[in-house]
Amino acid sequence: MVTSHLIDVRTPEEFATGFLGGAVNIEYQSIHQLAQRPGVSKSDDITLYCRSGRRSAIAMDTLKSMGFERVRDIGSLEEARETISRESAPQSTTNAAGPTITSEKASKETLESSTKALLDGLKALE
């Protein structure tokens, strides 16, 4: 089973000023430690962000060189907020009759993924 991980690669001080829900803080210089975290697989979806996008790009390159297969950099905190908001919005489709159908499954999966990432982050703090 593929798990999604949202990683904030800023400093702990920056992270303390605000972060995206479900994000785990691992500084970009320590991103190699992600491989040792319980429940993390190199085939998991890894999403990275930082303050401006520079450190998350470096972290992405590091993870890819370590063999992580599904890593993406969504840039700065503001860009990341917009991306996550857009991606977590319910998906809508129009059927042949015309009404719009909202996918509750997509919202539930996003909520479950975020909850798991949050719990994993809290466990790591113990």
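What you are looking at is a predicted structure, and each value in this text was computed from that prediction instead of being measured.

**Looking at helix 3 (residues 77-88)**
- Here helix 3 is 12 residues long and its end C-alpha atoms lie 16 Å apart, about the 16 Å a rise of 1.5 Å per residue gives.
- For helix 3, the full list of buried residues reads Leu77, Ala80 and Thr83. The arc that holds the buried residues of helix 3, viewed along the axis, is 125°, so those residues lie on one side. Opposite the buried face of helix 3, by more than 90 degrees, sit the exposed residues Glu82 and Arg86.
- Here the buried face of helix 3 lies against strand 3 (45-50) and strand 4 (70-76).

**Details of the pairing of strand 1 (residues 4-8)**
- Among the 5 residues in strand 1, 4 count as buried, and that is most of the element.
- Note that strand 1 and strand 3 share 5 bridges and pair parallel. The residue of strand 3 that forms the bridge with Ser4 is Asp45.
- Relative to strand 2 (residues 23-25), strand 1 is paired through 3 bridges, and the arrangement is parallel.

**Description of the sheet that holds strand 3**
- Taken together, the 4 strands give an open sheet; going across it, the order is 2-1-3-4, and neighbouring strands pair in parallel fashion. Edge strands, defined here as strands with exactly one partner in the open sheet, are strand 2 and strand 4. When strand polarity is set aside, the average angle formed by the axes of neighbouring strands in this sheet is 30°.
- Across the sheet, helix 2 (residues 54-65) is in contact with strand 3 and strand 4; its angle to strand 3 comes to roughly 150°.
- Relative to the sheet, helix 3 contacts strand 1, strand 3 and strand 4, its axis offset from that of strand 4 by approximately 120°.

**Considering the pattern of salt bridges**
- Summed over the entire model, instances satisfying the criterion amount to 6 salt bridges.
- A single salt-bridge network, built from bridges that share partners, covers Glu14, Arg51 and Arg55.

**Some words on the side chain of Thr83**
- For Thr83, the position within the fold is in helix 3.
- Each residue touching Thr83, except ones within four places of it in the same chain, is listed here: Arg72 and Ile74.

Rules used in this analysis
- Residues numbered from 1 in each chain as written.
- Predicted model: local features only at pLDDT ≥ 70, side-chain atom pairs only at ≥ 80, totals over all residues.
- Heavy atoms only, no water.
- Helix = DSSP H or I, 4+ residues; strand = E, 2+ residues; numbered from the N terminus.
- Expected span 1.5 Å × (residues − 1).
- Buried < 20%, exposed > 50% of the residue type's maximum accessible area, 1.4 Å probe, protein only.
- Arc of directions from axis to C-beta.
- Contact = heavy atoms within 4.5 Å.
- Pairing = 2+ DSSP bridges.
- Axes fitted to C-alpha atoms, helices over the stretch in contact; angles between N-to-C directions.
- Salt bridge = Lys/Arg side-chain N within 4 Å of Asp/Glu carboxyl O.

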